[in-house]
Amino acid sequence: MQTKNIMIVGVGGQGTLLTSRILGAIALTGGYDVKLSEVHGMAQRGGSVVTFVRYGDEVAEPIVEEGQADILIAFERLEAMRYAHFLKPDGAIIINDIRIDPMSVVTGAAVYPEGIVEHLRKFHQVLAVNATTEAEKLGNPRVFNVIILGVAAKHMEFSKEDWLRVIAETVPPKTVEINQTAFLAGYAYNEPNAGQE
């Protein structure tokens, strides 16, 4: 199998690292060679956190080059725009459609751009879901990242059962049930613009 390149981008504290660990573990269950790498910005201050997950028959290095990502999972709109150039021409972006102002916007040094999702749709296959709202409906806003993972899982080759098992083995024991529920919510999510290019 050709190496699959997945990039997860978010803001500090959003669960990017846990998400990459679940992805790495699911790829191992498929018998693939897996490489993970984490690139921290100022995570504790709400800065960007980037993780790469690469898997295939043989993976030489953990870093995904620009223009090489098959899937970009973005936990916030602006982060999706910031890293979209890493995608392959036929790659897909899955976006948690929320706004978190970076420090530059908070301090007035920059303006948060409008129409990010619409702009990205001109160039890429984009799935946008407000997973934070969906997670709040489940009673735990922190599991939005696993909802996004559920949406992404439909575009990958692993079974739903394998995903649920890996989640159970990876997340803290007290949170297994809510995380599995969140994953299934994402997995069942029907994109409002499905079928549109």
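Predicted model only: the values in this text are computed from it and were never measured.

*Asks:* Help me understand the overall build of the protein, please; the structure alone is not making it clear to me.
*Replies:* Secondary structure assignment for the protein yields eight helices and six strands. Going from the N terminus to the C terminus, the protein shows its helices and strands as β-α-β-β-β-α-β-α-α-β-α-α-α-α. In terms of C-alpha radius of gyration, the protein reaches 16 Å, essentially the compact-globule figure of 16 Å for 197 residues. Along the first, second and third principal axes, the C-alpha set of the protein runs to 50 × 40 × 35 Å. Relative to its full complement of 197 residues, the protein shows a buried share of 48%. If you take every contact in the protein between residues at least 6 apart in sequence, the share linking residues at least 24 apart comes to 62%. For the protein, the accessible surface area stands at approximately 9,600 Å², while carbon and sulfur atoms represent 51% of it. If you average the places of the 17 positive and of the 24 negative side-chain charges in the protein, the two averages end up 4 Å apart.

*Asks:* Can you walk me through the pairing of strand β6 (residues 125-129) in this structure?
*Replies:* Across a regular strand the side chains alternate sides, sitting on one face of the sheet and then on the other. Within β6, four of the five residues are buried, which leaves the element mostly enclosed by the surrounding structure. Both strand β5 (residues 87-96) and β6 contribute to a ladder of five bridges, which runs parallel. Considered in β6, the bridge of N96 is made with V129.

*Asks:* I'm lost on the side chain of S48 in this one. Help?
*Replies:* Its location among the elements puts S48 in strand β3 (residues 48-56). One polar contact links S48 to E79, side chain to side chain, over a distance of 2.7 Å. A distance of 2.7 Å separates polar atoms of two side chains, one belonging to S48 and the other to R82.

*Asks:* I'm lost on the packing of helix α7 (residues 160-170) against helix α8 (residues 176-187) in this one. Help?
*Replies:* Contact geometry of α7 with α8 gives a least axis separation of 9 Å together with a crossing angle of 150°. As the angle between them shows, α7 and α8 are arranged roughly antiparallel. In this structure, α7 crosses over α8, and the sense of that crossing is right-handed. Contact residues: α7 offers K160, W163, L164, I167 and A168, while α8 offers V176, N179, Q180, F183, L184 and Y187. Of the residues contributing to the contact of α7 with α8, the split by class is eight nonpolar, two polar and one charged.

*Asks:* Mind showing me how you'd approach the environment of Q14 here?
*Replies:* Looking at the element boundaries, Q14 is found in the loop between β1 (4-11) and α1 (16-29). For the pair Q14 and I116, spaced 102 residues apart in the sequence, the C-alpha separation amounts to 20 Å. Those residues in contact with Q14 that sit more than four places away from it in its chain are F75, E76, I98, I100, F144 and N145. At a separation of 2.7 Å, a polar atom in the side chain of Q14 contacts the main-chain amide nitrogen of V11. Here the side chain of Q14 touches F75 through a polar contact of 3.2 Å, landing on its backbone oxygen.

*Asks:* Where do I start with the environment of V117 in this structure?
*Replies:* Its place among the elements puts V117 in helix α4 (residues 116-121). Setting aside residues no more than four positions away along its own chain, V117 makes contact with R77, I95, D97, V126 and A128.

Criteria and thresholds
- Residues numbered from 1 in each chain as written.
- Predicted model: local features only at pLDDT ≥ 70, side-chain atom pairs only at ≥ 80, totals over all residues.
- Heavy atoms only, no water.
- Helix = DSSP H or I, 4+ residues; strand = E, 2+ residues; numbered from the N terminus.
- Rg over C-alpha atoms; globule rule 2.2 N^0.38 Å.
- Buried < 20%, exposed > 50% of the residue type's maximum accessible area, 1.4 Å probe, protein only.
- Contact = heavy atoms within 4.5 Å.
- Areas by Shrake-Rupley, 256 points an atom, 1.4 Å probe, with all protein chains shown as cover.
- Lys, Arg positive; Asp, Glu negative; His and termini not counted.
- Charge placed at Lys NZ, Arg CZ, Asp CG, Glu CD.
- Pairing = 2+ DSSP bridges.
- Polar contact = N/O pair within 3.5 Å; in protein donor to acceptor, adjacent residues only side chain to side chain.
- Axes fitted to C-alpha atoms, helices over the stretch in contact; angles between N-to-C directions.
- Parallel < 35°, antiparallel > 145°, perpendicular 65-115°, else oblique.
- Left-handed = near helix turned anticlockwise from the far one by under 90°.
- Nonpolar A, V, L, I, M, F, W, Y, C, P; charged D, E, K, R; others polar.

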